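Observations on the model geometry
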Amino acid sequence: MHFKSACKSFLILITQMDGKGRLNLQEFRHLWNKVKQWQGIFKCYDFDHTGTISSYEMRNAINDAGFRLNNQLYDIITMRYANENMNIDFDSFVSCLVRLEGMFRAFQAFDQGGDGTIRLDVLEVSGHQSIILRLCNV
Ligand SMILES: [Ca+2]
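Before going into details, it helps to say that this report is about the structure given with it. Remember, it's a predicted structure, so these values are computed and weren't measured experimentally.

Our focus in this paragraph is the overall build of the protein. Assigned secondary structure in the protein consists of seven helices and two strands. Order of helices (α) and strands (β) in the protein, N terminus to C terminus: α-α-β-α-α-β-α-α-α. Looking at the 138 residues of the protein, the share that counts as buried comes to 15%. Long-range pairs, those at least 24 residues apart, make up 61% of the contacts in the protein between residues at least 6 apart in sequence.

As a further point, take the nonpolar core. Ranked by internal contacts, the top residues of the largest apolar core, which has 15 residues, are Phe42, Ile53, Ala61, Phe93, Val94 and Leu97. Of all the secondary-structure elements, those providing two or more residues to this core are α2 (25-45), α3 (55-64) and α5 (90-110). In terms of residue count, the dominant contributor to this core is α5 (six residues). With sequence-adjacent residues up to four places away left out, Ala61 is seen in contact with Ile41, Phe42, Tyr45, Ile53 and Phe93.

Once that is clear, we can look at the packing of α2 against α3. At a closest axis distance of 10 Å, the pairing of α2 and α3 adopts a crossing angle of 150 degrees. In this structure, the crossing between α2 and α3 has a hand that is right-handed. Contacts between α2 and α3 involve Ile41, Phe42 and Tyr45 on the former and, on the latter, Glu57, Asn60, Ala61 and Asp64. Its residues assigned to classes, the contact of α2 with α3 shows four nonpolar, one polar and two charged.

This brings us to the packing of α2 against α5. Remark: α2 packs on α5, axes separated minimally by 11 Å, with the N-to-C direction vectors making an angle of 130 degrees. If you check the angle between α2 and α5, you find them oblique. Handedness of the α2/α5 crossing: right-handed. Together, Val35, Trp38 and Phe42 of α2 and Phe90, Phe93, Val94 and Leu97 of α5 make up the contact between the two elements. Here the contact of α2 with α5 is built from residues that sort into seven nonpolar, no polar and no charged.

Right, let's get into unusual backbone geometry. Unlike most non-glycine residues, His49 shows phi in positive territory, near 55 degrees. Following the sequence through the fold, His49 ends up in the loop between α2 and β1 (52-54). One non-glycine residue, Met86, adopts positive backbone phi at about 65 degrees. As for its placement among the helices and strands, Met86 is situated in the loop between α4 (71-81) and β2 (87-89). For Met86, a count of 13 C-beta atoms within 10 Å puts it in the partly exposed group.

Here the focus is the environment of Gly66. Looking at the secondary structure, you find Gly66 in the loop between α3 and α4. In the structure, Gly66 is positioned 35 residues away from Glu101 in sequence and 9.7 Å away in space, judged by C-alpha atoms.

Cut-offs applied
- For every chain, the first residue of the written sequence is number 1, and numbering continues from 1 along that sequence.
- With pLDDT at 70 or above as the cut-off, local features in this predicted model cover only qualifying residues; side-chain atom pairs require 80 or more to be listed or tallied, and sums for whole chains, interfaces and linings still use all residues.
- Only DSSP runs of H or I reaching four residues or more are called helices, and only runs of E reaching two or more are called strands; each is numbered from the N terminus.
- Counting other C-beta atoms within 10 Å of a residue's C-beta gives its exposure: the residue is buried at 20 or more, exposed at 12 or fewer, and partly exposed in between, where C-beta atoms are placed from the backbone.
- Note that contacts rest on C-beta atoms placed from the backbone: two residues are in contact if these are within 7 Å.
- By convention the nonpolar core is taken to be a set of buried residues drawn from Ala, Val, Leu, Ile, Met, Phe, Trp, Tyr and Cys and joined through C-beta atoms within 7 Å.
- Note on geometry: axes are C-alpha line fits, over the in-contact stretch for helices, and angles between N-to-C directions span 0 to 180 degrees.
- Should the near helix be turned anticlockwise from the far one by less than a right angle, the crossing is termed left-handed; should it be turned clockwise, right-handed.
- In this classification, Asp, Glu, Lys and Arg are treated as charged, Ala, Val, Leu, Ile, Met, Phe, Trp, Tyr, Cys and Pro as nonpolar, and every other residue, Gly included, as polar.
- Oblique is the label for every angle not falling under 35 degrees (roughly parallel), over 145 degrees (roughly antiparallel), or within 65 to 115 degrees (roughly perpendicular).

Here it is as structure tokens:
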């Protein structure tokens, strides 16, 4: 696991947060702490120090990062981020969490009642296409 990888993933995270790559100091600190937290989680599951975690460990690591997903989503994530040996490297791990973070934030913005469901009409869907695509595109 290299610091360079963490920086690259962090830059991806910044550009995905507001679409313009701008953050204030408080947001920067928050996001940097998240990446450090994710790095710590990854290290915990990379017992053998190979720089990768298994797809099974990935599920637990995602849970530890605070994301609760159903089995179907875990399977999709594994297919998307694991290599041919079903292992996930740190870059892929952070890329996955960056997308989950963005999706959860987008969903929460719509879920104003906080009940875990959203309802959109056609105009809302067409008006928020980029956000909807982000929600649908793991
Ligand atoms: Ca490992």
